[in-house]
Amino acid sequence: MATKDYYLILGVSRGENFRGVQDAFRELAKRYHPDRAGSAETPRFQDIQEAYEILSNPEKRKLYNHELEQKERMHSRPEPISYRPPTRPEPLIPEAMSVLHDFETIRPSFEPLFERFLRNFTGESIPKGERLEALNVELILSPQEAAMGVGVPVGVPVFYTCHQCGGSGRDWLFPCVNCNAEGIIEEEKTVRVSIPPMVPDGTIIEVPIHGLGIHNFYLRLHIRISW
C-alpha cells in the first residue's frame, strides 16, 4: 500500500513547525468539512484529519518521516501519470515548461489529463473516489545544472470564466470569439521549483499546487542527470 504524503495533503513543507501545521489543518478542515463541502469531500476530509493526527504528534511524525524517506529511496520509476521534457539545447532552463504542452505524454492521454485539471475549476463530473495524485515529471539536468543548482519554472494550467460571455460561450447571438465558445479561458501560472546545488541523480522533489486552486494533483519531479 502506498504511503500517503501528509505534507502534501496539508500543503506544508517538511520543515514546517507545529503552528504552521495547525493553521493549515484548520483552514483545510473548514473548507472540506462534509457539512460544508458535501459528502463527496468526505474522503479528502478524512485524509486531512489523518495527516494532522500524524504531523502534530512529534513521535508519530518522526516515525512517519522515516517511512517516507524509505519509500523515496526505493522509488525508482514514475507512477501513473508520467512525462519527459523534450531535449533542450539551452542551459539552465530559461523558460517555463508547460505540464500540458511541453512534455511528451506517456499516460494518460492529453484529454483525461486536461479534464482532470479542468474539474478543479468547474467542479463538474468529479469522480466520487478521486484523490490527490502525483503528476510525475522527469527533469533531465546537465552535470553543470546539477552542480550549480537551478530554478525550474513549470507552467501549470489554470482556468477562469470568460469575462466576455460570462461563461455561456455565446456573445449575444454568436459564438464567443474570446473563448472559442467554450465559456472558459485557459492560462498558465508558473510554479518555480528550486533545485539545490549538487543534487544527486534520482532525487525526488514534491511540490503542492493547491495554492493555484488545483486540489487533485501535486507535482513530483524526478531528477535525472544526463552525463
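Note that this is a predicted model, so its numbers are computed, not measured.

(A) Structural detail: the overall build of the protein. Each helix and strand counted, the protein has 7 helices and 10 strands in total. In the protein, the proportion of contacts linking residues at least 24 apart, taken out of those at least 6 apart, comes to 67%. Within the structure as shown, the protein displays about 13200 Å² of accessible surface, and the carbon and sulfur contribution to it stands at 52%.

(B) Layout of helix α2 (residues 18–32). Counted at 1.5 Å a residue, the expected span for α2 with its 15 residues is 21 Å, and the 21 Å between its end C-alpha atoms agrees. Buried within α2 are the following residues: Gly20, Val21, Gln22, Ala24, Phe25, Leu28, Ala29 and Tyr32. For α2, the side-chain oxygen to backbone nitrogen distance between the N-cap and Arg19 is 3.3 Å, and the N-cap itself is Asn17.

(C) A look at the confidence of the model for the protein. Here the protein shows a mean pLDDT of 80. Residues at 70 or above account for 82%. Confidence, expressed as mean pLDDT per element, reaches its minimum in the protein at strand β1 (residues 82–84) with 41 and its maximum at strand β7 (residues 174–175) with 92. Within the model, the stretch residues 75–93 combines pLDDT values under 50 with 61 contacts to residues more than four positions away or in other chains.

(D) Here's a closer look at helix α4 (residues 42–55). Given a rise of 1.5 Å per residue, 14 residues ought to cover 20 Å, and the 20 Å separating the end C-alpha atoms of α4 matches this to within 8%. Among all positions in α4, only Pro43, Phe45, Asp47, Ile48, Ala51, Tyr52, Ile54 and Leu55 are buried.

(E) A look at the packing of aromatic side chains. Under the definition given, this model contains 7 aromatic pairs. Sitting over the face of the ring of Tyr32, Arg44 holds its NZ or CZ atom 4.7 Å from the ring centroid.

(F) Here's a closer look at the nonpolar core. Ranked by size, the top nonpolar core spans 28 residues in total, and within it Phe117, Leu139, Val152, Val193, Ile195 and Leu219 carry the most contacts. Elements with a contribution of two residues or more to this core: α6 (110–122), β4 (133–141), β5 (150–161), β8 (184–195), β9 (204–208) and β10 (217–225).

(G) Fine view of the side chain of Asn120. Here Asn120 is to be found in helix α6. Here the side chain of Asn120 touches His215 through a polar contact of 2.7 Å, landing on its backbone nitrogen. Reaching out from Asn120, the side chain makes a polar contact with the side chain of Asn216 at a distance of 2.8 Å. Not counting residues up to four positions away in its chain, the partners in contact with Asn120 are Gly213, Ile214, His215 and Asn216.

(H) Just the pattern of salt bridges, in detail. What the rule picks out here adds up to 5 salt bridges. Salt-bridge contacts for Glu41 lead to Arg44; the nearest nitrogen and oxygen are separated by 3.6 Å. Its relative accessible area of 23% is what places Arg44 among the partly exposed residues. The partner of Lys60 in a salt bridge is Glu53, with the nearest N and O atoms 3.1 Å apart.

(I) Geometry of the sheet that holds β8. Across the sheet, 3 strands lie side by side as β2-β5-β8; this open sheet has mixed pairing. Sheet topology places β2 (97–98) and β8 at the edges, where each strand pairs with a single neighbour. Here β2 runs beside β5; their pairing, made up of 2 bridges, is parallel. The residue bridging Ser98 from the neighbouring strand is Gly155, located in β5.

(J) Quick look at the packing of α2 against α4. The N-to-C vectors of α2 and α4 enclose an angle of 165°; their axes lie 10 Å apart at closest approach. Put simply, α2 runs roughly antiparallel to α4. At the point where α2 passes α4, the crossing takes the left-handed sense. On the side of α2, the interface is formed by Phe18, Val21, Gln22, Phe25, Leu28, Ala29 and Tyr32, while α4 contributes Arg44, Phe45, Ile48, Gln49, Tyr52 and Leu55. For the contact of α2 with α4, a count of residues per class yields 10 nonpolar, 2 polar and 1 charged.

(K) A look at the environment of Gly211. Along the polypeptide, Gly211 turns up in the loop between β9 and β10. Taking relative accessible area as the criterion, Gly211 reaches 72% and is therefore assigned exposed. Between the C-alpha atom of Gly211 and that of Gly11, which follows or precedes it by 200 residues, the distance is 8.5 Å.

Rules behind the numbers
- Residues numbered from 1 in each chain as written.
- Predicted model: local features only at pLDDT ≥ 70, side-chain atom pairs only at ≥ 80, totals over all residues.
- Heavy atoms only, no water.
- Helix = DSSP H or I, 4+ residues; strand = E, 2+ residues; numbered from the N terminus.
- Contact = heavy atoms within 4.5 Å.
- Areas by Shrake-Rupley, 256 points an atom, 1.4 Å probe, with all protein chains shown as cover.
- Expected span 1.5 Å × (residues − 1).
- Buried < 20%, exposed > 50% of the residue type's maximum accessible area, 1.4 Å probe, protein only.
- Polar contact = N/O pair within 3.5 Å; in protein donor to acceptor, adjacent residues only side chain to side chain.
- pLDDT = per-residue confidence, 0-100.
- Phe/Tyr/Trp six-rings, centres within 6.5 Å; stacked < 30°, edge-to-face > 60°.
- Lys NZ or Arg CZ within 6 Å of the ring centre and 35° of its normal.
- Core = buried A, V, L, I, M, F, W, Y, C linked by side-chain atoms within 4.5 Å.
- Salt bridge = Lys/Arg side-chain N within 4 Å of Asp/Glu carboxyl O.
- Pairing = 2+ DSSP bridges.
- Axes fitted to C-alpha atoms, helices over the stretch in contact; angles between N-to-C directions.
- Parallel < 35°, antiparallel > 145°, perpendicular 65-115°, else oblique.
- Left-handed = near helix turned anticlockwise from the far one by under 90°.
- Nonpolar A, V, L, I, M, F, W, Y, C, P; charged D, E, K, R; others polar.

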